[in-house]
Amino acid sequence: MAIVGRLPITGYREVWPTAGAFVFGAEYAATGQFTALGTARGVAGMAFLVVLFFVVTRELRGGERAGIDEEMNLLLASPREIVVAKLLMHTGTAVRFVGTVLAAGSISFALGAGSPVVALGLLAGSALLIVSAVAVAFPVAVGTQYSFKRFESVRKRRRLLGGTLTLGFATMFVMARRAVLTFSSFPLGWYADLGFILVTDAVSLTHSFVVVAILPLALAFNLTVVSRIGELSWLTEPGGDGLGTETRSSDGIEPKAVEMVVSQATAAGITTTWRRVYRNPNVLMYSLMFIPILGVAILPVLNTAPSVGLSMVAITGAAIVGLGPTLNPIGNEGAFIQVPLMTPQGCRHLLAGLICAVALPGVLLVSLATVIAGILLDVSVSVVAGSVTIGVILVIVSSVSSAAVGILFPQYEGTSIVRNRGMQAPQTEAVMIYLLAIFGLGLPTVYGLQMVPYISTATGISQPLTTLSVLVVTALAAAIVSVGSWRYGLGKLQALEID
């Protein structure tokens, strides 16, 4: 309690279930009043969605091999038995992660309230929430899996769906306090009414009855409809004809358009990278996750100092660009890294194609985002131009430096010849070191731009010329980092030995 008492309780207890639950429990014991039902509903709604997200993504992640596995399982068990086994498997995983947090929060509230009996209702409500969330999520996962195999138009957009879900999930956690307030009015949070039925009369018996009734209905649906849909999905090959053929459509990525800008060898490397990212967009996971994380950090700056915030938009955009395929070049190539090693200038073309594949769209996206932000913030044209220039410089630096860091910290896990068509997520160490490097280069520039009026006054040099000098210094530093990263990465590639 002493530790909690030193923390800013407002805004803290709404987010962190364990410490916040203890504080709410202590308040309940002291006053006899329970005022946290809305917060509890919000936390319950978030917990339900977390279970839903993990069950759906985990089931879909194994979709490519599920057909073979489940077809073999059907020889030993019925579809209904397979559904039951999968429900138990997902429930165990949800209990391990989400259930631990909910149980800790329930026990903490009971300890704070000084009534262990209260924990019984909270633990029962938490258990019902997890089991019901799994029972609701599994039909969504199986139905989505079947639609990917049955309908080509849906299958083509599966990456857009996955990216949207990942971005939404990350945003929910970054903006946890606002999410709790939002979900407090959603039916997903009604499990809190059941959990606190022994605590306060403010709970709704109707809400409690509804969440209790969801579980048997969802289980019955799983054992009847979902088992049949699952059987069709597991025995159906992509394309929907069930005969083992797959209709492959072109991804529309051709090297001819890129060859107008770069050499033929580099263009081949660019389009190959784009195709592999298209096949496995999970490599963009860190990029998607850091958009809301860094975005929340920038929002207060945009409100208080728009010009500083605009520079931060450019820096953040450049940092996000490098959180993609360039952070694991060697691991992404897998066994086929031997090909460029055995080809004259192969390492140079591989590295150049990878960097350009990230830098070309990155420059366009960061410039566009910076210009739009500048228009919305109503800042001067010179500030927008300076921010765009910073963004373009740092995009180039981020592309080259992330490749160097990725070569230094390769991720080989999951790499094989068979799965080499996609890409692998980078190591966490590579992500952290890269972000430190890119922000270490960009933040001094922001500070320098804000000091332009004072530098101009002290030196007698006009402000436009002072601003230009800051940008020139940034460009020189970026050139040094880029050249050093390029030479290091190329040297490491050329020094690799073929086993």
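Look above for the structure.
Everything numeric here is computed off the predicted structure, so don't read it as measured data. One numbering rule holds for all chains: residues counted from 1, following each sequence as written. Whole-chain, interface and lining totals are the exception, using all residues; otherwise, since this is a predicted model, local features are given only for residues with pLDDT of at least 70 and side-chain atom pairs are given and counted only at 80 or more. Side-chain numbers here rest on the full set of heavy atoms in the structure, without hydrogens or water.

Give a detailed account of the overall build of the protein chain, specifying residues and quantitative values.
A run of DSSP states H or I qualifies as a helix once it reaches four residues; a run of E qualifies as a strand once it reaches two. Both are numbered from the N-terminal end. When helices and strands are tallied, the protein chain shows 21 helices and zero strands. Here the term buried applies to any residue with accessible area under 20% of the maximum for its type, exposed to any over 50%, and partly exposed to those in between, with areas from a 1.4 Å probe on protein chains only. A burial count over the protein chain gives 46% of its 499 residues as buried. When checking whether two residues touch, look at their non-hydrogen atoms; a contact exists if any pair is within 4.5 Å. Relative to all contacts within the protein chain whose residues are 6 or more apart in sequence, the contacts with residues 24 or more apart total 79%. Put simply, the protein chain shows about 25,100 Å² of open surface, and 68% of that area lies on carbon and sulfur atoms. The Shrake-Rupley method, run with a 1.4 Å probe sphere, supplies the accessible areas, and residue values consider only the shown protein chains as cover.

Please set out the packing of aromatic side chains residue by residue, giving values where relevant.
Centres within 6.5 Å make a pair out of two Phe, Tyr or Trp rings, where for Trp the six-membered ring is used; the pair is then stacked when the planes are under 30 degrees apart, edge-to-face when over 60, and tilted otherwise. Overall, the coordinates contain two aromatic pairs when judged by the stated rule. Taking the centre distance of 5.8 Å and the plane angle of 80 degrees together, the rings of F53 and F54 count as edge-to-face. Assessed through its relative accessible area of 45%, F54 is described here as partly exposed.

Which residues make up helix α21 (residues 463-494), and what values do they have?
Expected helix span is computed as 1.5 Å times (number of residues minus one). With 32 residues, α21 ought to run about 46 Å at 1.5 Å a step, and its terminal C-alpha atoms sit 46 Å apart, in line with that. Within the sequence span of α21, burial applies to T466, V470, L471, T474, A478, S482, S485, G489, L490 and L493.

With reference to specific residues and values, describe the side chain of S208.
Topologically, S208 is positioned in helix α11 (residues 205-234). Those residues in contact with S208 that lie beyond four places of it in its chain are D193, L194 and I197.

Can you break down unusual backbone geometry residue by residue, with the values?
Backbone geometry at D378 places phi at a positive 60 degrees, although glycine is not the residue there. Within the element layout of this structure, D378 appears in the loop between α17 (346-377) and α18 (381-408). When its relative accessible area of 69% is taken as the criterion, D378 is described as exposed.

Kindly report on a nonpolar patch on the surface, identifying the contributing residues and their values.
What makes a patch is a set of residues exposed beyond 30% relative accessible area and free of salt bridges, joined within 9 Å when like-charged and within 5 Å when nonpolar (Val, Leu, Ile, Met, Phe, Trp, Tyr). For this analysis, a salt bridge means a side-chain nitrogen from Lys or Arg found within 4 Å of a carboxyl oxygen belonging to Asp or Glu. Nonpolar side chains collect at one region of the surface, where V117, L120, I197, L198 and L205 lie side by side and expose about 500 Å² of accessible area between them. Relative to the elements of secondary structure, L120 occurs in helix α6 (residues 116-150). Of the residues examined, L120 reaches a relative accessible area of 58% and is grouped as exposed.

Give a detailed account of the pattern of salt bridges, specifying residues and quantitative values.
Applying the stated criterion across every chain yields a total of two salt bridges. One salt bridge in this structure joins D193 and R41, with 2.6 Å as the shortest N-O distance. Taken together, the residues span a long stretch of sequence, with D193 in helix α10 (residues 191-195) and R41 in helix α3 (residues 37-61) at a distance of 152 residues. The class for D193 is buried, based on a relative accessible area of 0%.

Describe the nonpolar core, naming the residues involved and giving the relevant values.
Within soluble globular proteins, side chains that are nonpolar generally end up buried alongside one another. As used here, the term nonpolar core means buried Ala, Val, Leu, Ile, Met, Phe, Trp, Tyr and Cys residues forming a set that is joined through side-chain atoms within 4.5 Å. Counting 42 residues, the largest nonpolar core has V51, F109, L129 and F196 as its most contacted members. Counting only elements with at least two residues in this core, the list comes to α2 (17-31), α3, α5 (79-113), α6, α10 and α11. The leading source of residues in this core is α6, at twelve residues. Ignoring anything within four residues of it in the chain, the contact list for V51 reads A94, V98, I130, A133 and V134. Counting 41 residues, the second largest nonpolar core, distinct from the first, contains I320, V397, I438 and V470.

Which residues make up the environment of V446, and what are the values?
Within the secondary structure, V446 sits in helix α19 (residues 428-450). You can call V446 buried: its relative accessible area is 6%. Contact partners of V446, with chain neighbours within four places excluded, come to V308, S311, M312 and I315.

Which residues make up the packing of helix α14 (residues 306-321) against α18, and what values do they have?
The angle between two axes is taken between their N-to-C directions and runs from 0 to 180 degrees, where each axis is a line fitted to C-alpha atoms and a helix contributes only its stretch in contact. Axis separation between α14 and α18 bottoms out at 8 Å; the angle between their running directions is 20 degrees. As far as their axial angle goes, α18 and α14 are roughly parallel. In this structure, α14 meets α18 at a crossing whose hand is right-handed. Taking contact as the criterion, the partners of S307, L310, S311, A314, I315, A318 and V321 in α14 are, on α18, V383, V384, S387, I390, G391, L394, V395, S398 and S399. By the definition adopted for this analysis, an angle is roughly parallel if under 35 degrees, roughly antiparallel if over 145, roughly perpendicular if from 65 to 115, and oblique otherwise. With the far helix as reference, a near helix turned anticlockwise by less than a right angle produces a left-handed crossing, and one turned clockwise produces a right-handed crossing.

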